Amino acid sequence: MAKACQLFSGSSGNSIYIGNNSTGILVDIGVSAKRCEYALNRIGVLPSSLTAIFVTHEHRDHIAGVRVFASKFNIPVFAAAETLEEMRRFDMINNKVEAYEIDRTTDISGICVESFKNSHDSACCLGYKVTMPDGRRISVCTDTGYITDEAKSVLSGTDMIFLESNHEISMLENGAYPYHLKRRILSAKGHLSNFTAGEFAKELLQSGTTRFVLSHLSRENNMPEIAKQTTVSALSELGANENSDYRLYVSKPENSEGLIVL
């Protein structure tokens with residue numbers, strides 16, 4: 001059976017596990033390798049069982065532990081060519097790490113990973129749809145200023161999604177961040193607001209998605225209760241009810257609730 005877990009979420013570090021009883025992958029390691037290893041052990045996953053690490057983009061909160069973890073457990077790393085170039089430039093991977101430029105679709109140990117472009121202020125930013133051997137589809141769509149047409153096409157029909165719900169617009173606009181940082185976050189290459197996440201969740205629910213994990217919440221410009229209620233309200237416009245028509249989770253900075261099993 002397919003299962004997934006947001007190990008870490010937010011500007012302090014991001015990492016997502018997707019797998020089954022025999023194998024699995026990580027999307028990003030934005031914390032130390034030691035913390036990532038401990039988090040995997042807590043949910044009963046051996047790091048040695050992993051077959052790949054897929055990187056979304058080169059910002060440190062997504063790659064901080066990649067080099068050490070990949071070399072320690074001899075796990076290959078997949079990312080866009082532009083992302084690998086930046087990681088090499090800042091010594092975030094080296095010749096001790098097997099690193100591969102990702103194709104649009106990559107098959108590894110029976111897991112099919114399809115990438116799509118997001119819109120973020122990085123060299124390149126990818127999201128991923130992971131199709132497990134049992135046919136379950138689990139997707140990751142974070143760090144994007146808006147939902148791209150490519151993302152909409154790939155994500156339609158996914159069973160479960162880790163979807164960015166970074167900020168509440170009014171909290172950001174009236175908060176303490178400097179003007180240039182507010183503009184960056186609100187731009188087309190920034191981060192998704194609660195409202196935008198809720199609107200896209202409606203499209204996904206209509207395509208068959210039944211599990212939503214709100215991810216990459218800002219500690220300064222959001223609250224878990226607000227993020228959740230925004231999506232619940234959006235889905236209620238379709239007549240959908242939480243826990244009967246769909247399940248909704250909100251990621252904490254560090255996982256404390258274990259695996260989600262599909």
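The preceding data block contains the structure.
Residues numbered from 1 in each chain as written. Predicted model: local features only at pLDDT ≥ 70, side-chain atom pairs only at ≥ 80, totals over all residues. Heavy atoms only, no water.

### Description of the sheet that holds strand β11 (residues 160–164)
- What the seven strands build is an open sheet, ordered β7-β8-β9-β10-β11-β12-β13; its pairing is mixed. If you trace the sheet from one side to the other, it starts and ends with β7 (105–108) and β13 (247–250), each paired once. Each strand axis lies, on average, 15° off the axis of its neighbour in the sheet, ignoring direction.
- Each of β11 and β12 (211–215) touches helix α8 (residues 194–207); the most contacted strand, β11, lies at about 165° to it.
- Running at roughly 160° to β13, helix α9 (residues 224–236) makes contact with β12 and β13 of the sheet. (Pairing = 2+ DSSP bridges. Helix = DSSP H or I, 4+ residues; strand = E, 2+ residues; numbered from the N terminus. Axes fitted to C-alpha atoms, helices over the stretch in contact; angles between N-to-C directions. Contact = heavy atoms within 4.5 Å.)

### Some points on the side chain of E114
- Structurally, the position occupied by E114 is in strand β8 (residues 111–117).
- Excluding anything up to four places from it in sequence, E114 contacts R104, T105, G127, Y128, K129 and V154.

### Concerning the layout of surface pockets
- There is about 240 Å³ of room inside the largest pocket.
- Looking at the largest pocket, it is lined by 19 residues, and the ones nearest its centre are S11, N166, R184, H191 and H216.
- Looking at the lining of the largest pocket, the element that brings in the most residues is helix α7 (residues 179–186), giving three residues.
- Across the lining of the largest pocket, the residue classes tally to four nonpolar, 10 polar and five charged.
- Every residue lining the second largest pocket is counted, 17 residues in all, and those nearest its centre are Y249, N255, E257, G258 and I260.
- Mapped by element, the contributors of at least two residues to the lining of the second largest pocket are β1 (3–8), β13 and β14 (260–261).
- Here the element with the most residues in the lining of the second largest pocket is β1; it accounts for three residues.
- Here the residues of the lining of the second largest pocket sort into nine nonpolar, five polar and three charged. (1 Å grid on protein atoms, 1.4 Å probe; cavity = no way out; pocket = protein on both sides within 12 Å on 5 of 7 lines; lining within 4 Å. Points joined across faces, edges and corners; volume = space filled by probe spheres on them. Nonpolar A, V, L, I, M, F, W, Y, C, P; charged D, E, K, R; others polar.)

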